[in-house]
Amino acid sequence: MSRKPFVRPVSKTGWWLKHPRYMRYMSREVTCVFIGAFALLMLCTVERLSKGQAAYDSFIAALQGPLSIFGMLLVLIFALHNATSWFNVTPKALPVQIGEEFLAGKYIIGAHYAVWIVASLVVLFFAGVL
Amino acid sequence: MTQLKKRMVQLEVLRYDPEKDSEPHFQKYEVECNEEWVVLDALNAVKESLDPTLAYRWSCHMAVCGSCGMMINGEPKLSCHAFLRNYDGVIRVEPLANFPIERDLVTVADDFIDKLKRVKPYLIPKEKKTIAEGEYKQTPAQLMKYRQFSMCINCMLCYAACPEYALQPKFLGPAAITLAHRYNQDSRDGGRDERQEVIATNEGVWECSFVGACSEVCPKAVDPAGALQQVKVASTLDWFKEHLLPGGSK
Amino acid sequence: MAKSNKPIFWSLFAAGGTLAAFLAPVLVLLFLMVAMGHTPSLLSYANLHAFAANWLGKLFLLGVITLFLWHAAHRLRVTLHDFGLRQDPVVAVVVYLVAAAGTGLSVLYLLRI
């Protein structure tokens, strides 16, 4: 009997469209575009800050408006998606063994959300928002 | 005797005869099944009453041997673990994804077996003991450190689910790396450095991007995705020790 | 096969991802407020300049910008690979160069404040 194994082709670009679980993975991964863009925005802010009041103030003025609001909201959504997906997988990467048991994931995740809320409140306080 | 509830089940099975076909094609079957059956039972009924030429692997029929993995409606599943009551309409049955098709639902598993072997999946004792010196002892807490990862039944569903394995066939893959981690975590073992040479490579754990599909399809809750992230953390600490500490890792 | 050098980039990705998970949403919120015309008082020139003039403030800004950049760079490398752009060595050099440039510029600008 002769063997002739058949290799099924896989799309290198469209494989992730084939199943919701892969689309969820991609949605998590593309948050990096928005985090990166925001980092560049902060870099620009620092640059303008270093150039003096006039440069900085016109930069802040340029950041205002509906297009900006839309952009920031988009970044916010992806930043939140990164945060939640990050917290949810932390127990898998860093399991905590206590004796013969492992600390249930929900405590580790819960602790992350608690720190997140506290950190956010602290920032808002120092920013003068609260 | 109570009447067993019956149901006509339609299957669409991917066929491939290497001696006759240039490529695989679907074949439809309709077979009477008991309501509580699994897809494997339906395949057996097909083979028994309709088409004896249908080829597929199976053995224990209770999700412990890992033989009967196949794609059922596009999802990697053990056919003995896929209950007909969870499926409506035509059930599409294909061989496990990301492996070459040998014939019908039988895949070529050689790549998987090779990779299992490469990670040295056996105890390399820290201190060798003769039989006279007695057993290697281990506390329950030490056992729990790796026990979950020892539950793998080598069913290859994780390889079928992993898109990185689909895109890069050289990737060692979830089960093989999890198996290496199982031994690395074993208090009796001293072979971690040897295994790191195999798994801390670009085709080892670093091809993994934590899609997590492997853990989602694993029938034994081994959580290979978790194991691989733990290997990444350990390998990263190794890297820093080797590159930053004077004298390297030793 | 030789052991990978990915750990260094992965640890930056992991550190940046953790920092981004905790801090990005609230920081974006501050900029969202700017966009809506309600600039928070910390983002006024006087206050932000004072913040960045302080060494701790510099460290905070440097840490956030650079770790976010290195996180995004490594994840983008992997994501482009997933999207079918398979020339990984080229992509890696490009994304890490951008992150490195961003890091250098951050230091430069912060030192000027």
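Residues numbered from 1 in each chain as written. Chains lettered and ligands numbered in written order. Predicted model: local features only at pLDDT ≥ 70, side-chain atom pairs only at ≥ 80, totals over all residues.

1. Considering the overall build of chain C
Thinking step 1. The helix and strand tally for chain C stands at four helices and zero strands.
Thinking step 2. Seen in sequence order, chain C has helices and strands lined up from the N terminus as α-α-α-α.
Thinking step 3. Over its C-alpha trace chain C gives a radius of gyration of 17 Å, far above what one expects of a compact globule, namely 13 Å for 113 residues.
Thinking step 4. Expressed along its principal axes, the backbone C-alpha trace of chain C runs to roughly 55 × 30 × 20 Å.
Thinking step 5. When each of the 113 residues of chain C is scored for burial, the buried share is 45%. (Helix = DSSP H or I, 4+ residues; strand = E, 2+ residues; numbered from the N terminus. Rg over C-alpha atoms; globule rule 2.2 N^0.38 Å. Buried ≥ 20, exposed ≤ 12 C-beta atoms within 10 Å, placed from the backbone.)

2. A closer look at the interface of chain A and chain B
Thinking step 1. Listed per partner, the contact involves 21 residues of chain A and 26 residues of chain B.
Thinking step 2. Those elements giving two or more residues to the side of chain A that touches chain B turn out to be α1 (20-29) and α4 (66-93) of chain A.
Thinking step 3. Tallying contributions element by element places α1(A) first for the side of chain A that touches chain B, with three residues.
Thinking step 4. Grouping the constituent residues of the side of chain A that touches chain B by class yields 11 nonpolar, four polar and six charged. (Contact = placed C-beta atoms within 7 Å. Nonpolar A, V, L, I, M, F, W, Y, C, P; charged D, E, K, R; others polar.)

3. So, the packing of α4(A) against helix α1 (residues 6-35) of chain C
Two measures define how a pair of helices packs: the angle their axes make with one another and the distance between the axes.
Thinking step 1. Between α4(A) and α1(C), the shortest axis-to-axis distance is 8 Å and the interhelical angle comes to 160°. Judged on the interaxial angle alone, α1(C) and α4(A) are roughly antiparallel. Two packed elements cross with a definite hand, and for α4(A) against α1(C) that hand is left-handed. Two secondary-structure elements touch here, α4(A) through Ser68(A), Ile69(A), Met72(A), Leu73(A), Val75(A), Leu76(A), Ala79(A), Leu80(A), Asn82(A), Ala83(A), Trp86(A) and Phe87(A) and α1(C) through Gly17(C), Thr18(C), Ala20(C), Ala21(C), Ala24(C), Pro25(C), Val28(C), Leu29(C), Phe31(C), Leu32(C) and Ala35(C). (Axes fitted to C-alpha atoms, helices over the stretch in contact; angles between N-to-C directions. Parallel < 35°, antiparallel > 145°, perpendicular 65-115°, else oblique. Left-handed = near helix turned anticlockwise from the far one by under 90°.)

4. Side note on the domain arrangement of chain B
Residues and elements named next belong to chain B.
Thinking step 1. When the domains of chain B are assigned, the result is domain 1 (6-107) and domain 2 (110-244).
Thinking step 2. Contact residues are listed per partner, giving 13 residues for domain 1 and 12 residues for domain 2.
Thinking step 3. Of all the elements in the fold, those that place two or more residues in the side of domain 1 that touches domain 2 are β3 (69-72) and β4 (75-78).
Thinking step 4. It is β4 that contributes the most residues to the side of domain 1 that touches domain 2, three residues altogether.
Thinking step 5. Across the side of domain 1 that touches domain 2, the residue classes tally to eight nonpolar, four polar and one charged. (Domains from an automatic or database assignment.)

5. Details of the nonpolar core
Thinking step 1. Grouped together as the largest cluster of nonpolar side chains are 65 residues, with contacts concentrated most on Cys158(B), Ile177(B) and Ile199(B).
Thinking step 2. Sorting elements by how many residues they give to this core places helix α6 (residues 174-184) of chain B first, with six residues.
Thinking step 3. The residue makeup of this core includes at least three contributed by each of domain 1 (6-107) and domain 2 (110-244) of chain B.
Thinking step 4. Those residues in contact with Ile177(B), other than ones at most four positions away along the chain, are Val119(B), Leu172(B), Ile199(B), Gly204(B), Val205(B), Ala227(B), Leu228(B) and Val231(B).
Thinking step 5. One finds Cys32(A), Phe87(A), Trp10(C) and Val64(C) within the second-largest nonpolar core, a separate group that totals 52 residues. (Core = buried A, V, L, I, M, F, W, Y, C linked by C-beta atoms within 7 Å.)

6. Examining the interface of chain C and chain A
Thinking step 1. If you look at the interface, chain C gives 48 residues, while chain A gives 48 residues.
Thinking step 2. Going through the elements one at a time, α1, α2 (45-53), α3 (55-82) and α4 (88-111) of chain C are the ones with two or more residues in the side of chain C that touches chain A.
Thinking step 3. Counting residues per element, the side of chain C that touches chain A draws most heavily on α1(C), at 17 residues.
Thinking step 4. Looking at the side of chain C that touches chain A residue by residue, the class counts come to 33 nonpolar, 11 polar and four charged.

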